[in-house]
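Structural description and commentary
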Amino acid sequence: MQTKKATFPERKAARYTRADYTDIESIRAALSSIPTGDNAHRQRIAAALKSELGEAGRSLWDEWRAGRGDDEAKDVWRSIKPHRTNGITIKTLFYLAIQNGWKPSNDHKETDLSSLREQAQQEAAESERLQQSQWQQQKPRLVSLWDKAQPITGSDPAGRYLLNRGLSVPNDAMALRYIPELDYWNNGIRTTFPAMLAAVTSPESELVALHRTYLTHSGHKAPVPCPKKLTPPGGSLQGAAIRLSMPTLRNNRLSLGIAEGIETALAAEILSGVPVWSCISTSGLKSFVVPADVQNLYIFGDRDENEAGQKAALCLSKRVAGKVTVRIWIPERIGDWNDELLRNKRENVQ
């Protein structure tokens, strides 16, 4: 009988894991019991995997994130350094799994819940302390970069990019700006590109991150592996959004729309007449915090083949039901609202 050859992650895991504690299959089984949660929760899981497996844990991370290749999933993994996991170890992962109903197998030798709880609490406290310190260091960098940027015009690369996407150039710099040169790092190599910056603000209206869209001078996405990136945060991203325009009265009720991407939100506003904010990703959409004075919420979800966009819209709708009047709008065809806008423009020309 031919034996199955171990995969690269499994071979790496054999080097990194402690034989008397766990193995790759135990980690995989534990992960299956842990919900994806918010951004801070996902960072803890990434840190736990990297502390135990290093880069060999990437395959397990991708499995747990249901194979998502979005910018947020990639950026969270890349932001965690194996030697700087804020004190988090694999024990945190197992504690969270047990809390969510996972039961270790009989041959698992670290099943003492009280020990895991104490370890996890210590790690959480240390992680919180280090995170607050990192946020304090990052905040001035965000403000400095935002202050260097300038309003977008129709003649700069950011303005051309928006026009190429069938969108309008904003009349003010409420949440979008342009910077002529911005560093882009890939595998230790630095290049520079023009970029569109978007201010990501918390529910308390504090700047917590900047979304960067790297561009060519002709107004297209830069030819790089990841043209859209989120900076390391300067605060919690829970409930944060890119506030592209102010909520307005619609049928005598203060109304606001939300969508995932920036271009999607701008397109949805053009098509509906409702002011729309960007939540960046499906996880951002699900965790969105509705402003206290908003009465009507319009959720402009993506129509994804895997139904991730539809499910995110429904998840938010259920969470805020009863607090505001909610309407979900999904494109009829696969894609987002920017795709729908461009399709409509092409069909009208024909």
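That block above? That's the structure.
What you are looking at is a predicted structure, and each value in this text was computed from that prediction instead of being measured.

Quantified by volume, the largest pocket comes out at close to 1600 Å³. Forming the walls of the largest pocket are 44 residues, and the residues nearest its centre are Asp75, Ser79, Thr231, Pro232 and Pro233. Contributing elements (two or more residues each) for the lining of the largest pocket: α3 (39-53), α5 (71-79), α7 (113-148), β1 (176-186), β3 (207-214) and β4 (228-230). If you tally residues by element for the lining of the largest pocket, the top one is α7, at 11 residues. Taken together, the residues of the lining of the largest pocket break down into 19 nonpolar, 14 polar and 11 charged.

Attention shifts here to the sheet that holds β1. Strand order in this open sheet of four strands is β1-β2-β3-β4, and the pairing throughout is antiparallel. Two strands in the sheet have a free side with no partner beyond their single neighbour: β1 and β4. If you compare each strand with its neighbour and ignore which way they point, the axes differ by 35 degrees on average. Pairing geometry for β3 and β4, over three bridges, is antiparallel. Looking across to β4, one finds that arginine 212 is bridged to lysine 229. The strands touched by helix α8 (residues 157-164) are β1, β2 (189-201), β3 and β4; relative to β2, the strand with the most contacts, the crossing angle is about 70 degrees.

Looking now at unusual backbone geometry. Even without being a glycine, serine 205 presents a positive backbone phi close to 70 degrees. By relative accessible area, serine 205 is classed as partly exposed at 48%. Not every positive phi belongs to a glycine, and asparagine 251 is a case in point at roughly 55 degrees. Within the secondary structure, asparagine 251 sits in the loop between β5 (248-250) and β6 (253-259). With a relative accessible area of 67%, asparagine 251 lands in the exposed category.

Another aspect to go through is the pattern of salt bridges. Note that side chains of opposite charge can pair when their charged atoms are close. A full pass over the atoms with the stated rule returns nine salt bridges. Where glutamate 63 meets arginine 28, a salt bridge forms, and the shortest distance between an N and an O atom there is 2.9 Å. Of this pair, glutamate 63 sits in helix α4 (residues 58-64) while arginine 28 sits in helix α2 (residues 24-31), and the two are 35 residues apart along the sequence. Across the pair glutamate 347 and arginine 333 runs a salt bridge, and its minimum N-O distance is 2.7 Å. Of the two residues, glutamate 347 sits in helix α12 (residues 337-349) while arginine 333 sits in the loop between β9 (325-329) and α12, which places them 14 residues apart along the sequence. According to the relative accessible area criterion, arginine 333 is partly exposed, its value standing at 32%.

Taken as a whole, this structure holds nine aromatic pairs when the rule is applied. With 5.9 Å between their ring centres and 35 degrees between their planes, tryptophan 61 and tryptophan 77 make a pair best called tilted. With tryptophan 61 in helix α4 and tryptophan 77 in helix α5, the pair connects residues that are 16 residues apart, well separated along the chain. For tryptophan 61, a relative accessible area of 0% translates into the label buried. A relative accessible area of 1% means that tryptophan 77 is categorised as buried. Taking 4.9 Å as the distance between ring centres and 85 degrees as the angle between the ring planes, the aromatic pair formed by tyrosine 184 and tyrosine 214 counts as edge-to-face. Of this pair, tyrosine 184 sits in strand β1 while tyrosine 214 sits in strand β3; the two residues are 30 residues apart in sequence, bridging distant segments of the chain. Across the ring face of tyrosine 184, the terminal group of lysine 229 is positioned such that the distance to the ring centre comes to 4.2 Å.

About the thresholds
Residues numbered from 1 in each chain as written. Predicted model: local features only at pLDDT ≥ 70, side-chain atom pairs only at ≥ 80, totals over all residues. Heavy atoms only, no water. 1 Å grid on protein atoms, 1.4 Å probe; cavity = no way out; pocket = protein on both sides within 12 Å on 5 of 7 lines; lining within 4 Å. Points joined across faces, edges and corners; volume = space filled by probe spheres on them. Helix = DSSP H or I, 4+ residues; strand = E, 2+ residues; numbered from the N terminus. Nonpolar A, V, L, I, M, F, W, Y, C, P; charged D, E, K, R; others polar. Pairing = 2+ DSSP bridges. Axes fitted to C-alpha atoms, helices over the stretch in contact; angles between N-to-C directions. Contact = heavy atoms within 4.5 Å. Buried < 20%, exposed > 50% of the residue type's maximum accessible area, 1.4 Å probe, protein only. Salt bridge = Lys/Arg side-chain N within 4 Å of Asp/Glu carboxyl O. Phe/Tyr/Trp six-rings, centres within 6.5 Å; stacked < 30°, edge-to-face > 60°. Lys NZ or Arg CZ within 6 Å of the ring centre and 35° of its normal.

So yeah, pure geometry; function would need other evidence.
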